[in-house]
Amino acid sequence: MQRQKIIIEGIVQGVGFRPFIYQLAKRFGLTGSVCNDTRGVMIEVEGQVGALHKFGTAIRSEKPPLAVIQSLNTQEIPIHGTTGFEILQSRVDETRRVQIAPDTFVCDDCLQELFDPADRRYHYPFINCTNCGPRYTIVTGTPYDRSLTTMAEFQLCDACQAEYDDPTSRRFHAQPNACSDCGPGLRLLAAKGQPVTREDPRFDPLSEAISRLKKGQILAIKGLGGYHLAVDAGNQDAVLELRRRKQRDEKPFALMTGNLETVRRFARVSKDEARLLLGVERPIVLLQKRADHKLAESISPANRYFGVMLPYTPLHFLLLQDDFEALVMTSANLSDEPIAFEDDEACQRLGEIADAFLIHNRRIHTRTDDSIARVMADRPLLLRRSRGFVPRAVALSVESRSVLAVGAELKNTICLTRGDRAFLSQHIGDLKNLEVYDSFKQTINHLQSILEVRPERIAHDLHPDYYSTRYAIEESGLPTVAVQHHHAHLASCLAEHGVENPAIGVIFDGIGYGTDGKIWGGEFLVGDMKSYERVGHFRYLPMPGGDLATKEPWRMALSCLLSIYGEIPDNVKIFDSIAETELRLVTQATRKGINAPLSSSCGRLFDAVASLLDLRQKVSFEGQAAMQLEMVADPTQTQSYTYLLSQDADQIIFDPRPLVAEIVVDLEAGVSTALIAGRFHASLADMIRDVCCQIRQQTALSQVVLSGGVFQNALLTEMTLERLERSGFKVFTHSLVPPNDGGISLGQAVVAGLRHIQ
Ligand code: ZN
Ligand code: ZN
Ligand code: FE
């Protein structure tokens, strides 16, 4: 006989862990108890040594689907002579290390019940169990208990309470457990906020919502982490009307479709993409459109992809049962505002957009957007890491001080570290918007409180004017560590892969503040998670109008042409759409270097080429021109344009001007857009390989990291990977952490955690 104390850390609360332990203990004839504490789960078991051993093995091999075991410590303690096995109340303890699970899509067992007319939760839109349902979005504090979730306001009915108390039930201690008698319900509101009702006692808000969608109306639908705006994706007029009311020119709308088979009707789905679509996180996945699809073209104009997700809440399944091939389900916000998540706020902000509101009374405590992913080089790549992933930790290979990192300005996320775990927040957005900035501050407080972390220092970008930087310096009251933007990108990829040795960092993105006060963005670094050196970069070119250049690609084309020819060559016709006085003023200013900061940005070179090809002269969202250049490119091109590499002091300089000059010649000769765009991508990939070979000669390093927003581009990433691997490099690309600025906070956190400060 022996008694053991077992402490398990990880995601072990709110995922059915205690009933699982209870049943295991019964199976092996063990006595003792199990309880949640603030670190995780604590078990005391007593019995035969052989049975205890089997019990220990089974914990790992049979754990509930949503549980993540990070550590399991067993210790022998004196025998008690206990008789039964008990589940004890949660204990509160000083060392707080618990982890909240992410929100998870409705499980198969619950789905079965949802569509079983004999089940007491038949068609109940809030069905859930310990294996599925809302978590992060409803949690208000720790430990994870109903009283600290937004379900606290609902009193369990007798039937639900019995399940909640029964260790053999799938709903034992399922905190959001509910049914139509005791739990949240749906309501339908008209645009002005008054409830829609009918005399008919059987009036069902859901069927009314479906019939309105069928008629082409726009509905605001309250979901898990916020509101969606929904329309029938097959109805071109409805989609156009939504676009008009939402003031969102061309940014693609996400789609939701009932099942994988239906997705295949309008998009191509590879095996890896199917796995991503079906994963418990249920992200939006970018999928290639089929030429013969029947959906509205205005869902994602000038784009070869649809962003598609499968239903993830019971309500979604009910909506999509059999009525639509797909619904547009786009986050409910006006351009640049955060996603709406509170009822009054939603009715106020969306009143002009939605014809009706399908809402419910389960409060959303933390707004969380849908995650976005694509498959690149046969691996999943998260472009936005949010609902379904947050607040799952990224495991770090090194333990460091506790840091709060506040990220960049666009696509902002924050990151908190605790020991060897980094907790990356949900997507927060563009901090220039006041409401987004408020949500940034709320997220900082909320994450600190549910993770019980008191950071010792705060990490921020070098850019002095970012709102996140100002928050760190002026408001946080913590010792600050400034981390260079591209070093943060490099460190975030190294951290994701647990690489501690130095690597060559190919960091290409839009804009990041450099140590020389210039705008960087086409950088070759050598470094690790602590420090870095810049060893090469794109030649500096003026960025006419500063930030305006990111919105108007013609400005960078003009800058390149002026730098090459001193004037606009006669055969270049792309500036016809620009007002003459504006063109003349910008030309003069650029020549004199007025309001034209120098930049080595690779993103801006994409803009310049997209403009020369006349794909677009103005963009309606960040990175749109670059995305279109990728879309039109012929991926089979392998021949590159001429590019110039030179050595300036200790820097390798890539001068893109000869390449741009050749493109101008090709345009004159009538070479196709697809071919030019393809050769442009191939040139960059060749150039990266050549520069990396030079750096390898100087440093003997053969590990390369590809990071920065430019590497959301699948064509460039795949071409570069192929060339680097053929030249014997080991290449690290992102997968679970975005290569764009959504990953910056993780990089900042690890750099700041390891850096020495007085
Ligand atoms: Zn379930
Ligand atoms: Zn109930
Ligand atoms: Fe960046």
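The rules behind the values
- The residue numbering used here restarts from 1 in each chain and proceeds along that chain's sequence as written.
- Think of it this way: whatever chain is written first is A, whatever ligand is written first is 1, and the rest follow in order.
- Confidence filtering applies because this is a predicted model: local features only for residues at pLDDT of at least 70, side-chain atom pairs given and counted only at 80 or more, and all residues used for totals across whole chains, interfaces and linings.
- As a rule here, side-chain values come from all non-hydrogen atoms in the structure, and water together with hydrogens is ignored.
- Going along the chain from the N terminus, every DSSP run of H or I of four or more residues is numbered as a helix, and every run of E of two or more is numbered as a strand.
- Just to be clear, the radius of gyration here is over C-alpha atoms, and the globule rule we use is 2.2 Å times residues to the power 0.38.
- Whether a residue is buried, partly exposed or exposed follows from its accessible area with a 1.4 Å probe, protein chains only, as a fraction of its type maximum: under 20%, in between, or over 50%, in that order.
- Note on definitions: a residue-residue contact is assigned when non-hydrogen atoms from the two residues lie within 4.5 Å.
- The protein chains shown are the only cover counted for residues, whose accessible areas, like all others here, come from Shrake-Rupley with a 1.4 Å probe.
- Neither His nor the chain ends is counted toward charge; the positive residues are Lys and Arg and the negative residues Asp and Glu.
- Lys charges are placed at NZ, Arg charges at CZ, Asp charges at CG and Glu charges at CD.
- Following DSSP output, two strands are said to pair if at least two bridges run between them.
- Orienting the strands away from the viewer, one traces the path from the first strand over the helix to the second; a clockwise path indicates a right-handed crossover.
- By construction, the arc corresponds to the directions joining the helix axis to the C-beta atoms.
- Under the convention used throughout, the expected extent of a helix is 1.5 Å for every residue step, that is, one less than its residue count.
- A donor here means any N, O or S atom no more than 2.8 Å from the metal (3.2 Å for Na, K and Ca); water is not included, so a site may seem to lack partners.
- Residues grouped as a nonpolar core are buried Ala, Val, Leu, Ile, Met, Phe, Trp, Tyr and Cys residues, joined through side-chain atoms within 4.5 Å.
- In the analysis that follows, any N or O atom pair within 3.5 Å is treated as a polar contact, provided that within protein one partner can donate a hydrogen and the other can accept it, and provided that, for residues neighboring in sequence, both atoms belong to side chains.
- Labels for metal geometry use angle windows, namely 85 to 135 degrees for all angles of a four-donor tetrahedral site, and for square planar (four donors) or octahedral (six donors) sites opposite donors over 155 degrees apart plus all others within 65 to 115; sites meeting none of these are irregular.
- A fitted line through C-alpha atoms represents every axis, and for helices the fit uses only the stretch in contact; the resulting angles, taken between N-to-C directions, go from 0 to 180 degrees.
- Here roughly perpendicular refers to angles of 65 to 115 degrees, roughly parallel to angles under 35, roughly antiparallel to angles over 145, and oblique to all remaining angles.
- For this scheme, ten residues count as nonpolar: Ala, Val, Leu, Ile, Met, Phe, Trp, Tyr, Cys and Pro. Four count as charged, namely Asp, Glu, Lys and Arg, and the remainder, Gly too, count as polar.

(A) View of the overall build of the protein chain. Secondary structure assignment for the protein chain yields 22 helices and 30 strands. For 758 residues, the compact-globule formula gives about 27 Å, and the C-alpha radius of gyration of the protein chain, at 28 Å, lands near that figure. Put simply, the protein chain has 758 residues, and 62% of those count as buried. Taking contacts inside the protein chain between residues at least 6 apart in sequence as the whole, the part at least 24 apart equals 72%. For the protein chain, the accessible area works out to roughly 28,700 Å², and carbon and sulfur atoms hold 48% of it. Where the 82 positive side-chain charges of the protein chain centre and where its 94 negative ones centre are 2 Å apart.

(B) Highlighting the pairing of strand β21 (residues 480-483). Residues Val-481 and Val-483 line the buried face of β21, whereas the alternating positions Thr-480 and Ala-482 sit on a face that is not buried. Examined bridge by bridge, strand β20 (residues 457-461) and β21 share four bridges and lie parallel to one another. Following the sheet pairing, Ile-458 is matched in β21 by Thr-480. Regarding topology, helix α12 (residues 467-475) serves as the crossover connection from β20 to the parallel β21, and that connection is right-handed.

(C) Here's a closer look at α12. Those residues of α12 that sit buried are Ser-468, Thr-469, Tyr-471 and Ala-472. Buried residues along α12 cover an arc of 160 degrees about the axis, so they all sit on one side. Residues of α12 that are exposed and point more than 90 degrees away from the buried face comprise Ile-473 and Glu-474. In the core, the buried residues of α12 are packed alongside α11 (434-451), β20 and β21.

(D) View of helix α2 (residues 49-62). In this model, α2 (14 residues) spans 20 Å end to end at C-alpha, consistent with the 20 Å of a helix rising 1.5 Å per residue. Taken residue by residue, α2 has Ala-51, Leu-52, Phe-55, Ala-58 and Ile-59 as its buried positions. When α2 is viewed along its axis, its buried side chains cluster within an angular range of 125 degrees and face the same direction. Exposed and facing more than 90 degrees away from the buried side of α2 are His-53, Lys-54 and Ser-61. If you follow the buried residues of α2, they end up packed against β1 (2-11), α1 (17-27), β3 (40-47) and β4 (68-77).

(E) Expanded view of the coordination of the zinc ion (ligand 2). Donor atoms from the polypeptide that coordinate the zinc ion (ligand 2) comprise Cys-157 (SG), Cys-160 (SG), Cys-179 (SG) and Cys-182 (SG), at 2.2 to 2.4 Å from the metal. All donors of the zinc ion (ligand 2) belong to a single chain; written as a sequence motif, their spacing is C-x2-C-x18-C-x2-C. Of this pair, Cys-160 sits in helix α4 (residues 158-165) while Cys-182 sits in the loop between α4 and β6 (186-190); the two residues are 22 residues apart in sequence, bridging distant segments of the chain.

(F) Just the pairing of strand β7 (residues 219-222), in detail. Burial along β7 is two-sided: the residues Leu-219 and Ile-221 and Ala-220 and Lys-222 are all buried. Of the strand pairs in this sheet, β7 and strand β8 (residues 227-232) are connected by four bridges, and their pairing is antiparallel. Bridge pairing links Ile-221 to His-228 in β8. In this structure, the hairpin formed by β7 and β8 is closed by a connection of four residues. For β7 and strand β13 (residues 356-360), the ladder comprises three bridges, and the chain directions are parallel. For Ile-221, the partnering residue across the bridge sits in β13 and is Leu-358.

(G) The environment of Phe-389, seen in detail. Mapping Phe-389 onto the fold places it in the loop between β15 (379-384) and β16 (393-395). Note on Phe-389: relative accessible area 6%, which makes it buried. Spatially, the C-alpha atom of Phe-389 lies 7.9 Å from that of Asp-103, the residues being 286 residues apart in sequence. Leave out the neighbours within four places in its chain, and Phe-389 touches Pro-102, Glu-281, Pro-283, Ser-371, Leu-382 and Leu-736.

(H) Spatial organisation of the nonpolar core. By size, the foremost hydrophobic cluster in this structure holds 68 residues, and its most contacted members are Val-506, Phe-508, Phe-575, Phe-680, Leu-684 and Met-687. No other element matches helix α20 (residues 673-699), which puts eleven residues into this core. Once residues within four sequence positions are removed from consideration, Met-687 is found in contact with Phe-508, Phe-524, Phe-538, Tyr-643, Leu-645 and Phe-654.

(I) Structural context of the side chain of Gln-426. Within the fold, Gln-426 resides in the loop between β19 (421-424) and α11. In terms of polar contacts, Gln-426 uses its side chain to reach the side chain of Tyr-136, at 2.8 Å. The residues touching Gln-426, leaving out its near neighbours within four places in the chain, are Tyr-136, Thr-366, Arg-367, Thr-368, Arg-385, Ser-386, Val-390, Asn-412, Thr-413 and Thr-443.

(J) Structural context of the coordination of the iron ion (ligand 3). The coordination sphere of the iron ion (ligand 3), as far as protein atoms go, consists of His-485 (NE2), His-489 (NE2), Asp-509 (OD) and Asp-741 (OD), spread over 2.0 to 2.3 Å. Here the iron ion (ligand 3) is ringed by four donor atoms whose angles at the metal span 88 to 170 degrees, and the overall shape comes out irregular. All donors of the iron ion (ligand 3) belong to a single chain; written as a sequence motif, their spacing is H-x3-H-x19-D-x231-D. Residue His-485 and its partner His-489 are located together in helix α13 (residues 485-497), separated by four residues, close to a single helical turn. Of the two residues, His-485 and His-489, both sit in the buried class.

(K) The arrangement of the sheet that holds β1 in detail. The strand order β4-β1-β3-β2-β5 describes an open sheet built from five strands, whose pairing is mixed. Each edge of the open sheet carries a strand with a single partner, namely β4 and β5 (85-87). Shown here is a sheet whose adjacent strand axes are inclined to one another by a mean of 15 degrees, direction ignored. Alignment of β1 against β3, held across eight bridges, turns out to be antiparallel. By the bridge assignment, Ile-8 is partnered in β3 with Val-41.

(L) Representation of the packing of helix α15 (residues 554-565) against helix α17 (residues 602-612) within the structure. Orientation of α15 relative to α17, taken along the N-to-C sense of each, is 90 degrees, at an axis distance of 7 Å. Of the possible angle classes, the one that applies to α15 and α17 is roughly perpendicular. Residue-level contacts link Trp-554, Met-556, Ala-557, Cys-560 and Leu-561 of α15 to Arg-604, Ala-608, Ser-611 and Leu-612 of α17. Across the contact of α15 with α17, the residue classes tally to seven nonpolar, one polar and one charged.

Everything listed is a geometric property; what it means functionally is a separate question.
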